[in-house]
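# Descriptive structure summary
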Amino acid sequence: MKYLNVMMQFEKSITLATFSPLWWQSILLISGSIFFLIQLPKYIKKIKIKQYDLFIAILLMANFIIEQTYNYYNGLWNIQQNIPAHLCSISNILCIIYLFNKNQLLGEFVYYWGLLGGIHALLTPEFNTGVIGYNFYSFFIGHGGLLLVVLYMVKHNGFRPRPKSWLKIFGYSQYVVLAVGALNYAMGTNYMFLRARPTAHNPLIIGDWPFYLITFEIAAISHFWLFYLPFARKNKRAALAL
């Protein structure tokens, strides 16, 4: 994998060059898989949405368990890399819970966090758990799974974020940042990249610590607002109809 760039950041971190042949192969494969899984209930009438919810939840759950088990039994598991405390890892867990209970607030966390984390992780991949064995595939299944759940719940579950939900989720996110920051301080880790900048070549990562954290915050609230815009007109019409 000559397009993989290895750098040191607390523990070894590996990035995949955007637009490299391996990146294109991975993105096309995961995009095709998402499209197929989203469209499948439309063409197979016997599929019940509640059962399909369960299928996707089990798929994400299995990926998480296999990754953790693989790393543990191969001596690769460590505190700095394998605790599910990155935003995308937390989002994956929330995706699984949402598919079981369809809670509106939980869905809004999944919608905003899933889009933010899934899009940027796939555009500029950084393999925090390495690329050995199953870890390479787990990265794309997990992050592709975020986009899958977001698109699925909008198309098949009728999900719609509420007015000002983008601002509310941004506010709640600050509590998560504080909690993960406390974990990092206690464990000497770098989850959510709060203690050291990511090694991925993302144009939104500007400056060194702590200045890049400010751009993270600006980028997050800007993305959340943009993600809400497709629903703004529908919500406005619904409010006027009341």
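All figures in this text were calculated on a predicted structure; none of them were measured in a lab.

## Here we look at the overall build of the protein chain
Across its full length, the protein chain carries eight helices and three strands. In sequence order, the secondary structure elements of the protein chain are arranged as β-β-α-α-α-α-α-β-α-α-α. For the protein chain, the C-alpha radius of gyration of 18 Å lies close to 18 Å, the compact-globule estimate for 242 residues. Reported as C-alpha extents along the three principal axes, the dimensions of the protein chain are approximately 55 × 40 × 35 Å. By residue count, 47% of the 242 residues in the protein chain fall in the buried class. In the protein chain, of all internal contacts separated by at least 6 residues, the share reaching a separation of at least 24 is 69%. For the protein chain, the exposed area adds up to about 13200 Å²; of that, 69% sits on carbon and sulfur atoms. With 19 positive and 7 negative side-chain charges, the protein chain shows a separation of 18 Å between the mean positions of the two kinds.

## Focus on the packing of helix α2 (residues 49-73) against helix α6 (residues 134-155)
Close contact between α2 and α6 brings their axes to 10 Å; oriented N to C, the two are set at 155°. One element, α2, and the other, α6, form an angle in the roughly antiparallel class. Crossing of α2 against α6: the hand is left-handed. Facing α2, whose interface residues are I49, Y52, D53, I56, L60, N63, I66, E67, Y70 and N71, α6 presents Y134, N135, S138, I141, G142, G145, L148, V149 and Y152. For the contact of α2 with α6, the residue count by class is 11 nonpolar, six polar and two charged.

## A word on unusual backbone geometry
Put simply, W209 and P210 share a cis peptide bond, and its omega is 0°. Relative to the assigned elements, P210 resides in the loop between α7 (165-187) and α8 (211-241). Phi angles above zero are rare outside glycine, and F19 is one such case at about 75°. With respect to the helices, strands and loops of the structure, F19 is situated in the loop between β2 (11-16) and α1 (21-43). By relative accessible area, F19 is classed as exposed at 58%. Phi at K102 takes a positive value of approximately 55°, unusual for a residue other than glycine. Summarising the element assignment, K102 is placed in the loop between α4 (87-101) and α5 (104-123).

## Notes on the packing of aromatic side chains
All chains considered together, the criterion is met by 20 aromatic pairs. Chaining the aromatic ring pairs together yields one cluster made of Y98, Y111, Y112, F159, F224 and F231.

## Quick word on a nonpolar patch on the surface
A surface patch of nonpolar side chains, amounting to about 530 Å² of accessible area, comprises L54, I58, M61, F64, I65 and F100. A total of five residues in the nonpolar patch trace back to one element, the largest contributor, which is α2.

## Examining the pattern of salt bridges
This model, assessed by the stated rule, comprises two salt bridges. The salt bridge involving D53 is made with K102; its shortest N-O contact spans 2.7 Å. With D53 in helix α2 and K102 in the loop between α4 and α5, this residue pair connects regions lying 49 residues apart in the sequence. By relative accessible area, D53 is classed as buried at 1%. Of the charged contacts in the structure, one is a salt bridge between R162 and E108, with a shortest N-O distance of 2.8 Å. Of this pair, R162 sits in the loop between α6 and α7 while E108 sits in helix α5; the two residues are 54 residues apart in sequence, bridging distant segments of the chain. With relative accessibility at 34%, the residue R162 sits in the partly exposed group. Judged by its relative accessible area of 0%, E108 falls in the buried class.

## Overview of the environment of W24
As for its placement among the helices and strands, W24 is situated in helix α1. What makes W24 partly exposed here is its relative accessible area of 40%. In this structure, the C-alpha to C-alpha distance between W24 and R233, residues 209 residues apart in sequence, is 35 Å. A polar contact of 3.3 Å, which involves the side chain of W24, links it to the backbone oxygen of F19.

## Here we look at the confidence of the model for the protein chain
Taken as a whole, the protein chain shows an average pLDDT of 91; of its residues, 93% reach a score of 70 or greater. Segment residues 1-10: pLDDT under 50, and 35 contacts once partners within four positions in sequence are set aside and those in other chains are kept.

## A few points about the nonpolar core
Across soluble globular proteins, nonpolar side chains show a tendency to be buried alongside one another. Ranked by internal contacts, the top residues of the largest apolar core, which has 58 residues, are Y111 and F224. Sorting the residues of this core by element identifies β2, α1, α2, α4, α5, α6, α7 and α8 as the ones contributing at least two each.

What counts and how
Residues numbered from 1 in each chain as written. Predicted model: local features only at pLDDT ≥ 70, side-chain atom pairs only at ≥ 80, totals over all residues. Heavy atoms only, no water. Helix = DSSP H or I, 4+ residues; strand = E, 2+ residues; numbered from the N terminus. Rg over C-alpha atoms; globule rule 2.2 N^0.38 Å. Buried < 20%, exposed > 50% of the residue type's maximum accessible area, 1.4 Å probe, protein only. Contact = heavy atoms within 4.5 Å. Areas by Shrake-Rupley, 256 points an atom, 1.4 Å probe, with all protein chains shown as cover. Lys, Arg positive; Asp, Glu negative; His and termini not counted. Charge placed at Lys NZ, Arg CZ, Asp CG, Glu CD. Axes fitted to C-alpha atoms, helices over the stretch in contact; angles between N-to-C directions. Parallel < 35°, antiparallel > 145°, perpendicular 65-115°, else oblique. Left-handed = near helix turned anticlockwise from the far one by under 90°. Nonpolar A, V, L, I, M, F, W, Y, C, P; charged D, E, K, R; others polar. Phe/Tyr/Trp six-rings, centres within 6.5 Å; stacked < 30°, edge-to-face > 60°. Patch = residues over 30% accessible without salt bridge, like charges linked within 9 Å, V, L, I, M, F, W, Y side chains within 5 Å. Salt bridge = Lys/Arg side-chain N within 4 Å of Asp/Glu carboxyl O. Polar contact = N/O pair within 3.5 Å; in protein donor to acceptor, adjacent residues only side chain to side chain. pLDDT = per-residue confidence, 0-100. Core = buried A, V, L, I, M, F, W, Y, C linked by side-chain atoms within 4.5 Å.

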